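# Inside the fold
Chain by chain, the residues:
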Amino acid sequence: MPDLTTPPFPPAFLWGAATSAYQIEGAVREGGRTPSIWDTFSHTPGRTAGGDHADVTVDHYHRYRDDVALMADLGLTAYRFSVSWPRVQPTGRGPAVQVGLDFYRRLVDELLAHGIKPALTLYHWDLPQELEDAGGWPERDTAYRFAEYAQIMGEALGDRVEQWTTLNEPWCSAFLGYGSGVHAPGRTDAGASLRAAHHLNLAHGLATSALRSAIPARDSIAVSLNSSVVRPASLSPADMAAARKIDDLANGVFHGPMLHGSYPQSLFEATRSVTDWSYVQDGDLTLIHQPLDALGLNYYTPTLVEATETAPAGSPRSDGHGLSAYSPWPGADDVAFLQTPGERTEMGWTIDPTGLHELIMRYTREAPGLPLYVTENGAAYDDKPDPEGNVHDPERIAYLHGHLSAVRRAIADGADVRGYYLWSLMDNFEWAYGYGKRFGLVHVDYETQVRTIKGSGRRYADIIRDHRSRARRAA
Ligand code: IFM
């Protein structure tokens, strides 16, 4: 086994795993929770593999105590989860429902009792359906509703949660939700996807301000971006321009306003045929550009592109989102997505830890002084228990080693990475792919809800234990 724990992982480095509310909670009709866009979408025929939905999923709502015990068994020092907006504010406006808040308070208290730091994400894609009916993310008011919800959560849990994330992967919400339509709410309108992106940015900025007023100053506020590592197929000017265009649409559209207070001019030019951006109002960029305490990076695989006359609609994409004939890349019909060479996971995503190193170093340069967390990284494999009930997943162990080594190299190269959250704590509902893709450190039998720590979970626990004992010895 490679030695992954020798410094420079800093002593206070957080070792975590991540999940999200809709993917694990179930209990969709309990405690006054109303449908989110994902309830509606997953119950619409043809939207998810096998018609899978997350009405029960891994039943974490009822089993959270056992799940926290599993986290403690793994030795996790942090746990990243999201709050279901329609569980705490069912209509997306007005007062909160106490039962919903109480669930998260109990979860957080259980984590703290086990010495596990809670890292709370406000939005991991489950918009209350009522807000979608009122226009969803393409509608400006949704950003204001989100800020109100952020304030509610800050007031309810600011005394015990120190790590806050506004949005998880807003790219998926905007471009898979409103562009290619493979995610809820399943709309296929390129213009609406860019409006959604702007209003998600606005929501982030307004929520950050609302949280600042509601939570103690020591708490940390961040956003988690699935920033793409976009590589051109060649150094030709056309391929380089194609890569720049996708970089704007994947990264600049969010980190531009959030980190620098402006959209890239080239993004406006590339999307001129799709939208006039007139919904960006005076003062919006100031509202969006709020000081942050950290940046979350989610990384799975790099993206390889080349220039083309016209990309064939629905051509398979190296980012694994080729489930729709509609492109999630507005204004980029002249870009083709290629399969990156190399071994792939069950998602078809190429395994390339160099991309993680590259991504971390990029943000070290782009946002100097901003602490970074890898808030998601992981791999799906077709894991099955053997006759003795053990789950061996050597591929995931290799994936973990490769990516942790990349993080370690980035730290050695000067990056301020403060933690790593593996996706995911346990197998769960993988959105449009349903239950067919298993990302967990813990295997879940979906019939019986029996949880079994996989080989990768055991290995991760060893890595954490080694790191912690070295850190203790060094102290
Ligand atoms: O399961 C998802 C998660 O919800 C968001 N990031 C990517 C993961 C794997 O597809």
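Residues numbered from 1 in each chain as written. Predicted model: local features only at pLDDT ≥ 70, side-chain atom pairs only at ≥ 80, totals over all residues. Heavy atoms only, no water.

## Side note on the overall build of the protein chain
Short version of the rule: The helix count covers DSSP runs of H or I at least four residues long, the strand count covers runs of E at least two residues long, and both are numbered beginning at the N terminus. Note that the radius of gyration is over C-alpha atoms, with the globule rule given as 2.2 Å times the number of residues to the power 0.38. Only protein chains enter the accessibility calculation, which uses a 1.4 Å probe. A residue is then buried if its area is under 20% of the maximum for its type, exposed if over 50%, and partly exposed in between. Throughout, a contact is declared for two residues whenever any of their heavy atoms are within 4.5 Å. What sets the accessible areas is the Shrake-Rupley method with a 1.4 Å probe; for residues, cover comes only from the shown protein chains. For the purpose of charge, His is not counted, nor are the chain termini; Lys and Arg are scored as positive and Asp and Glu as negative. Throughout, a charge is located at the NZ atom of Lys, the CZ atom of Arg, the CG atom of Asp or the CD atom of Glu.
A tally of helices and strands in the protein chain yields 15 helices and 13 strands. The globule rule puts the C-alpha radius of gyration for 475 residues at 23 Å, and the 21 Å found for the protein chain is close to it. Its C-alpha atoms give the protein chain principal-axis dimensions of about 55 × 50 × 45 Å. Looking at the protein chain residue by residue over its 475 residues, the buried ones come to 62%. The contacts of the protein chain with a sequence gap of at least 6 include a subset with a gap of at least 24, amounting to 78%. Carbon and sulfur atoms make up 52% of the accessible area of the protein chain, which amounts to about 16,900 Å² in all. Looking at charge distribution, the protein chain has the averaged site of its 42 positive side-chain charges lying 4 Å from that of its 59 negative ones.

## What about unusual backbone geometry?
That bond from A184 to P185 is cis: its omega, 10°, falls within 30 degrees of zero. With respect to the element layout, P185 can be found in the loop between α8 (170-176) and α9 (190-214). Look at the link from W423 to S424: it is a cis peptide, with omega at 10°. Relative to the helices and strands, S424 is located in the loop between β11 (417-423) and β12 (442-444). Residue A27 is not a glycine yet carries a positive backbone phi of 50°. Within the secondary structure layout, A27 lies in the loop between α1 (21-24) and α2 (37-42). Judged by its relative accessible area of 8%, A27 falls in the buried class. Even without glycine at this site, W431 takes up a positive phi of about 50°. Looking at the element boundaries, W431 is found in the loop between β11 and β12.

## Focus: the sheet that holds β11
Selection criterion: Two strands are said to pair when DSSP picks up at least two bridges between them. In this analysis, axes come from line fits to C-alpha atoms, helices being fitted only over the stretch in contact, and the angle between any two N-to-C directions falls in the range 0 to 180 degrees.
Strands sit in the order β1-β2-β3-β4-β5-β7-β10-β11 around a closed barrel of eight strands; the barrel is parallel. With strand direction ignored, the average angle separating the axes of adjacent strands in the sheet is 25°. Direction of pairing for strand β1 (residues 14-18) relative to strand β2 (residues 78-82): parallel, over a ladder of three bridges. Counted as the bridge partner of G16 is A78 from β2.

## Remarks on the pattern of salt bridges
Formally: For this analysis, a salt bridge means a side-chain nitrogen from Lys or Arg found within 4 Å of a carboxyl oxygen belonging to Asp or Glu.
Counting across every chain of the model gives 32 salt bridges. A salt bridge links D55 to R29, with the shortest nitrogen-to-oxygen separation between them at 3.3 Å. Separated by 26 residues along the polypeptide, D55 in the loop between α2 and α3 (60-74) and R29 in the loop between α1 and α2 bring together distant segments of the chain. Overall, the relative accessible area of 65% leaves R29 in the exposed class. Notably, a salt bridge pairs E162 with R218, separated by 3.3 Å at the nearest N-O pair. Here E162 is found in the loop between α7 (141-157) and β4 (163-168), whereas its partner R218 is found in the loop between α9 and β5 (220-225), with 56 residues between them in sequence. The class of E162 is partly exposed, set by a relative accessible area of 32%. Shared partners join several salt bridges into a network, and the residues in it are D383, D393, R396, D427, R438 and K454.

## Considerations on the site of the ligand
Under the convention used in this document: The criterion for a residue being near a molecule or strand is simple. One of its heavy atoms has to lie within 4 Å of it. In the analysis that follows, any N or O atom pair within 3.5 Å is treated as a polar contact, provided that within protein one partner can donate a hydrogen and the other can accept it, and provided that, for residues neighboring in sequence, both atoms belong to side chains.
In the neighbourhood of the ligand, the contacting residues comprise Q23, H124, W125, N168, E169, Y300, W349, E376, W423, E430, W431 and F439. In the model, a nitrogen atom of the ligand is placed 2.5 Å from a nitrogen or oxygen of the E376 side chain. Coverage of the ligand by the protein chains reaches 94% of its 280 Å² of free accessible surface.

## Considerations on empty space enclosed by the protein
Any space left empty among the atoms is revealed by the rolling of a water-sized probe across them. We apply this condition: Only protein atoms enter the 1 Å grid used here. Points where a 1.4 Å probe fits but cannot escape make up a cavity, open sets with protein on both sides within 12 Å along at least five of seven lines make up a pocket, and a residue lines them when an atom lies within 4 Å of a point. Grid points are joined across faces, edges and corners, and a volume is the space filled by probe spheres set on the points. Gly falls in the polar group here, along with every residue not listed as nonpolar (Ala, Val, Leu, Ile, Met, Phe, Trp, Tyr, Cys, Pro) or charged (Asp, Glu, Lys, Arg).
Tallied over the full model, the rule gives five cavities of 30 Å³ or more. As a volume, the second largest cavity reaches approximately 110 Å³. Together, 14 residues line the second largest cavity, and Q163, T165, A222, Y373 and T375 are the ones closest to its centre. Within the residue set of the lining of the second largest cavity, elements represented by two or more residues are β3 (117-123), β4, β5, β7 (295-298) and β10 (372-376). A per-element tally of the lining of the second largest cavity places β4 first, with three residues. Class assignment for the residues of the lining of the second largest cavity results in seven nonpolar, six polar and one charged.

## Some remarks on the packing of aromatic side chains
For the record, the criterion: Ring pairs shown here join Phe, Tyr and Trp side chains whose ring centres sit within 6.5 Å, with only the six-membered ring taken for Trp; geometry is labelled stacked below 30 degrees between planes, edge-to-face above 60, and tilted in between.
The final tally for this structure, using the stated rule, is 38 aromatic pairs. Measuring from ring centre to ring centre gives 6.3 Å for W38 and F429, while their planes differ by 80°; the resulting arrangement is edge-to-face. With W38 in helix α2 and F429 in the loop between β11 and β12, this residue pair connects regions lying 391 residues apart in the sequence. By the burial criterion, W38 is buried, and F429 matches it. Among the aromatic residues, those joined into a ring-pair cluster are Y22, W38, F41, W125, F429, W431, Y435 and Y446.

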